[in-house]
Structure formats: C-alpha cells, structure tokens
Amino acid sequence: MKVLIGCLVYGDRPLDIIYRNLENAGYPFEVMFINKEGIANALNEAILKYENYDAIGFLANDIEEPQDWLLKKVNALQTYHQAGIVASSFSQIYAVESDFIISNYLISKQVIEAIGMFNYEYHPYGAIDLEYCQRTWIAGFKTYYVVDCIAKHIGSHATGDEYGYNKEQMVMKYWSKYINEVEEYKSKNKDIKIWKDK
C-alpha cells in the first residue's frame, strides 16, 4: 500500500511531535507539509494528491502517535471489515467500529473517490471530521479506531483559540449547517461527493 502523509503545520508551532511521529511510523510513506488557513483546506491539499496513492494519512502537530502507528493503521485499513477510514484513539478501546472518529486519519483511496474532499465551507473550523465520517458511512464504508494504537493529544482538542479563533464558537456556528446537510445526504437530496478544483 502506497501512502502519503500530510503533515498539518500551523504558524510557527514547533514540529518536534510531527518529526517524532514520522520516525516512529513503522511503515514506508511519502510526506508533504501543509501550512494553509482553514482545517478543511489544509486536509484537502493532501486529498488532491490521492490518485498517486492507495491511502492518504494525516499528522497534526499536537498529537503524539504510538510506535508503529502507520503500520497498525495500514493493517487495519486492509483487514477491518469495509474499512474506509481508520484513526488512533485517545484512550483504550474495545469496540473499534465507530460512526464518528477523530484524530489522525488514514483514508483509503476508494473513500476519496466516492466522497471527495473535506467540506471546505466549514471555514476555518467546524464539524469537519464528523461530516466526513457521515459521508463515508453513507457511501458504504466504515470508520474505525485502531486496536492498540493509542495517541496522546497535547492541549485541547475541541476548545481553545491557539489557531486564532475559538474552536467551540466555530463548531456552534456551523452546527445547524452540519445537521441539515447530513439529512440532505441521507435523503439523497445532496451529493455526498465534494470536489473543488484548486
């Protein structure tokens, strides 16, 4: 499986966590560093390269991955039933299948072909990961936390303003949009595939 890892780097935050994670991947990969405003826009920079890879993965500069994290995620993507996206968890888990996963994703090429990009309309932040999971499930794939792949989040995931905006406020701003769009996807009134030429 050929994998591209998109490393999300924002502003002048240190990259030591990302470099450690790359060293501990345990599986070969190609890498790109992305510093772009808006979480979805940054994620989509790597998504645009999907045709050359079997899977696209992401590393945030505030999540410490365990040893051999990429090897574990590749194995999960290849062996978990109908897996479309897999991710590390932030705590020990026993039921790996989950409708909503967060953390550093590894996304199969098949999912990207089916649903496209992250929703860039949630700018600069919102329920981007939840919305992507919903479209993944509607497309017939499943999302999983990987067994024995526990990451550590440094700082606050859904709160704080370290990126120059308040995360909670951004989520609330777009929450009704998220709820309405998911209903439209499920009722087939809106295409689950999002694509925007850059």
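Each value, and the rule that gives it
Residues numbered from 1 in each chain as written. Predicted model: local features only at pLDDT ≥ 70, side-chain atom pairs only at ≥ 80, totals over all residues. Heavy atoms only, no water. Salt bridge = Lys/Arg side-chain N within 4 Å of Asp/Glu carboxyl O. Helix = DSSP H or I, 4+ residues; strand = E, 2+ residues; numbered from the N terminus. Buried < 20%, exposed > 50% of the residue type's maximum accessible area, 1.4 Å probe, protein only. Contact = heavy atoms within 4.5 Å. Pairing = 2+ DSSP bridges. Axes fitted to C-alpha atoms, helices over the stretch in contact; angles between N-to-C directions.

A.B. asks: Teacher, can you tell me more about the pattern of salt bridges here?
C.D. replies: Oppositely charged side chains can form a pair if their charged atoms are brought close together. All chains considered together, the criterion is met by 11 salt bridges. The salt bridge involving Arg20 is made with Glu64; its shortest N-O contact spans 3.4 Å. Linking Arg20 in helix H1 (residues 16-23) with Glu64 in strand S4 (residues 63-64), this pair joins segments that are 44 residues apart in sequence. Among the residues examined, Arg20 registers a relative accessible area of 37% and is labelled partly exposed. You can call Glu64 partly exposed: its relative accessible area is 26%.

A.B. asks: It is not clear to me how helix H5 (residues 128-138) should be interpreted in this structure. Could you clarify?
C.D. replies: It helps to recall that an α-helix has 3.6 residues per turn; residues three or four apart then point in one direction. Within H5, nine of the 11 residues are buried, which leaves the element mostly enclosed by the surrounding structure. Buried residues along H5 sit against helix H2 (39-47), strand S5 (83-89), strand S6 (105-108), helix H4 (109-115), strand S7 (142-150) and helix H6 (167-186). Backbone geometry just after H5 places Gly140 at a positive phi near 100 degrees.

A.B. asks: Whenever I open this one, the environment of Glu183 confuses me. Can you help?
C.D. replies: Here Glu183 is to be found in helix H6. In this structure, the C-alpha to C-alpha distance between Glu183 and Gly126, residues 57 residues apart in sequence, is 17 Å.

A.B. asks: Sorry, what's going on with the sheet that holds strand S3 (residues 55-60) here?
C.D. replies: Pairing is mixed in the open sheet, where six strands are placed in the order S2-S1-S3-S6-S5-S7. In the strand order of this sheet, the two ends are held by strand S2 (30-34) and S7, each with one partner. Pairs of neighbouring strands in the sheet enclose a mean axial angle of 20 degrees, with direction left out of account. The sheet contact formed by S3 and S6 spans three bridges and is antiparallel. Among the inter-strand pairings, Gly57 is bridged to a residue of S6, identified as Leu106. Each of strand S1 (3-8), S3, S5, S6 and S7 touches helix H3 (residues 69-79); the most contacted strand, S5, lies at about 150 degrees to it. Seen against the sheet, H5 touches S5, S6 and S7 and runs at an angle of roughly 120 degrees to S7.

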